[in-house]
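# Chain and residue survey
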Amino acid sequence: MREMIIKFKDPNEVLAFVNKVEKYPYDMDMKRGRFVVDAKSILGIMNLGFNNPIELRIYDEDCEQLKAEISEYMSA
């Protein structure tokens, strides 16, 4: 399992993120506080809010290509 912190500024970023991650076969969740949603769910992610750190969990070890594709959303 891989974990990283993601941050979205607006709904357009969420839409672009979901369009990228849904191409991959991995199971992915996003967690903020006690709320956990499917990382391929636009509405689920939007319910987590904007400008907040969100934990992304990818349930696969070989996901370097995915990480490179979503690197613009990663929070330092």
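Refer to the structure above for everything that follows.
Let me begin by describing the structure that accompanies this report. (Residues numbered from 1 in each chain as written. Predicted model: local features only at pLDDT ≥ 70, side-chain atom pairs only at ≥ 80, totals over all residues. Heavy atoms only, no water.)

## Points about the pattern of salt bridges
Under the counting rule described, the total for this entry stands at five salt bridges. The shortest N-O distance in the salt bridge between Lys 20 and Glu 72 comes to 2.7 Å. With Lys 20 in helix H1 (residues 11-21) and Glu 72 in the segment after helix H3 (64-69), the pair connects residues that are 52 residues apart, well separated along the chain. Classification of Glu 72 as exposed rests on a relative accessible area of 56%. When salt bridges with common partners are traced through the structure, they connect Glu 3, Glu 55 and Arg 57 into a single cluster. (Salt bridge = Lys/Arg side-chain N within 4 Å of Asp/Glu carboxyl O. Helix = DSSP H or I, 4+ residues; strand = E, 2+ residues; numbered from the N terminus. Buried < 20%, exposed > 50% of the residue type's maximum accessible area, 1.4 Å probe, protein only.)

## Points about the packing of aromatic side chains
Pairs of aromatic rings are described using the distance from one ring centre to the other and the angle between the two planes. All told, the structure shown has four aromatic pairs when counted by the stated rule. Ring plane angle 20 degrees and centroid distance 5.8 Å describe the contact between Tyr 24 and Tyr 26, whose orientation is recorded as stacked. A single burial state applies to Tyr 24 and to Tyr 26, both of which are buried. What links up through ring pairs into an aromatic cluster is the set Phe 8, Phe 17 and Tyr 73. (Phe/Tyr/Trp six-rings, centres within 6.5 Å; stacked < 30°, edge-to-face > 60°.)

## A closer look at the sheet that holds strand S4 (residues 54-58)
One open sheet accounts for four strands, arranged S1-S4-S2-S3; its pairing is antiparallel. Each edge of the open sheet is held by one strand with a lone partner, namely strand S1 (2-6) and strand S3 (35-38). Across the sheet, the mean angle from the axis of one strand to that of its neighbour is 25 degrees, orientation sign disregarded. Here strand S2 (residues 28-32) pairs with S3 via four bridges, running antiparallel. The residue bridging Asp 29 from the neighbouring strand is Asp 38, located in S3. (Pairing = 2+ DSSP bridges. Axes fitted to C-alpha atoms, helices over the stretch in contact; angles between N-to-C directions.)

## A word on unusual backbone geometry
Although it is not a glycine, Asn 51 adopts a positive phi angle of roughly 60 degrees. Here Asn 51 is to be found in the loop between helix H2 (42-48) and S4.

## A short note on H1
Taken together, the buried positions of H1 are occupied by Glu 13, Val 14, Phe 17, Val 18, Lys 20 and Val 21. Each buried residue of H1 sits inside an arc of 160 degrees when the element is viewed along its axis, so together they form one side. Residues of H1 that are buried in the fold lie against S2, H2, S4 and H3. Measuring from the backbone nitrogen of Asn 12 back to the side-chain oxygen at the start of H1 gives 3.0 Å, which picks out Asp 10 as the cap. (Arc of directions from axis to C-beta. Contact = heavy atoms within 4.5 Å. Polar contact = N/O pair within 3.5 Å; in protein donor to acceptor, adjacent residues only side chain to side chain.)

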